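# Inside the fold
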Amino acid sequence: MSDFKPEEAEFYEDAVAEIRQEFDRGLPGRIDTLDSMLRILAENFDQKAAQTFFYQAHSLKGTAGSFEARQLIEPAARLSQIGRGWLEAGATTAEELSLAQGELERLRQGVSEYLAG
């Protein structure tokens, strides 16, 4: 027999709803951080900016999947992959920066759709 109580289900549902709201509220800041790091990296390669860019994109990919924000997963995954490449190479290229800018725009649009939906 389980010791599960119906009021516990309500507690967990409330906790998940609160975490989801926190995720939603944090999305614009995540986009701003990615945008800021991309601008820094467009000027000159910076290890800390590349790490922040990668970690933000990678984290967003995972949390978007947890909250079924499907429109965010693919662009966040691509940004994560680009950021990982920059960390491994210790440099950026104009082509990669352009790709990252396009993916960031897709992500921005996805966030708008997700939050409106």
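## A closer look at the overall build of the protein chain
What the protein chain contains, in helices and strands, is 4 helices and 0 strands. Put simply, the protein chain runs from its N terminus to its C terminus through helices and strands in the order α-α-α-α. Scaling as 2.2 N^0.38, a compact globule of 117 residues should have a C-alpha radius of gyration of about 13 Å, whereas the protein chain reaches 17 Å, well beyond that. In terms of overall dimensions, the protein chain has C-alpha extents of about 60 × 30 × 20 Å along its principal axes. Residue pairs at least 24 apart in sequence account for 69% of intrachain contacts in the protein chain once pairs closer than 6 positions are excluded. Here the protein chain has roughly 7400 Å² of accessible surface; of this, 50% comes from carbon and sulfur atoms. Within the protein chain, the 21 negative side-chain charges are centred at a point lying 4 Å from the centre of the 12 positive side-chain charges.

## Brief notes about the nonpolar core
Counting residues in hydrophobic clusters, the biggest one holds 26 residues, and the most contacted among them are Phe23, Phe53, Leu72, Leu79, Trp86 and Leu107. Mapped onto this core, the elements with two or more residues apiece are α1 (6-43), α2 (47-66), α3 (70-89) and α4 (94-116). In terms of residue count, α1 provides more of this core than any other element does, 7 residues in total. Residues contacting Phe23, with those up to four places away along its chain left out, are Leu60, Thr63, Ala64, Phe67, Leu72 and Tyr114.

## Some remarks on the pattern of salt bridges
A complete count under the given rule lists 7 salt bridges for this structure. The shortest N-O distance in the salt bridge between Asp35 and Arg39 comes to 3.1 Å. Here Asp35 pairs with Arg39, and both are found in helix α1, just 4 residues apart, close to one helical turn. For Arg108, the salt bridge identified is with Asp35, shortest N-O distance 4.0 Å. Of the two residues, Arg108 is situated in helix α4 and Asp35 in helix α1; the sequence distance between them amounts to 73 residues. Arg108 gets classed as partly exposed once you look at its relative accessible area, which sits at 27%. Put simply, Asp35, Arg39, Glu105 and Arg108 are held in one network by salt bridges that share partners.

What counts, and where the lines are drawn
As a convention, each chain's residues are numbered from 1 in the sequence order in which they are written. The predicted origin of the model limits local features to residues at a pLDDT of at least 70 and limits the giving and counting of side-chain atom pairs to 80 or more, whereas totals for whole chains, interfaces and linings rest on all residues. Each side-chain value is derived from all of the structure's non-hydrogen atoms; neither hydrogens nor water enter the calculation. Helix numbers and strand numbers start at the N terminus; a helix is a DSSP run of H or I with at least 4 residues, a strand a run of E with at least 2. The globule rule used here is 2.2 Å times the number of residues to the 0.38 power, and the radius of gyration it is set against is calculated over C-alpha atoms. Between two residues, a contact is recorded if the distance between any of their heavy atoms is within 4.5 Å. Shrake-Rupley sampling with a 1.4 Å probe provides the accessible areas, and residues are treated as covered by the protein chains on show and by no other component. For the purpose of charge, His is not counted, nor are the chain termini; Lys and Arg are scored as positive and Asp and Glu as negative. Charge positions come from single atoms, namely NZ of Lys, CZ of Arg, CG of Asp or CD of Glu. Put simply, a nonpolar core is a bunch of buried Ala, Val, Leu, Ile, Met, Phe, Trp, Tyr and Cys residues held in one set by side-chain atoms that sit within 4.5 Å of each other. A simple rule labels every residue: compare its accessible area, found with a 1.4 Å probe on the protein chains alone, to the largest value its type can have, and call it buried under 20%, exposed over 50%, or partly exposed in between. Salt bridges are defined as contacts in which a side-chain nitrogen from Lys or Arg sits within 4 Å of a carboxyl oxygen from Asp or Glu.

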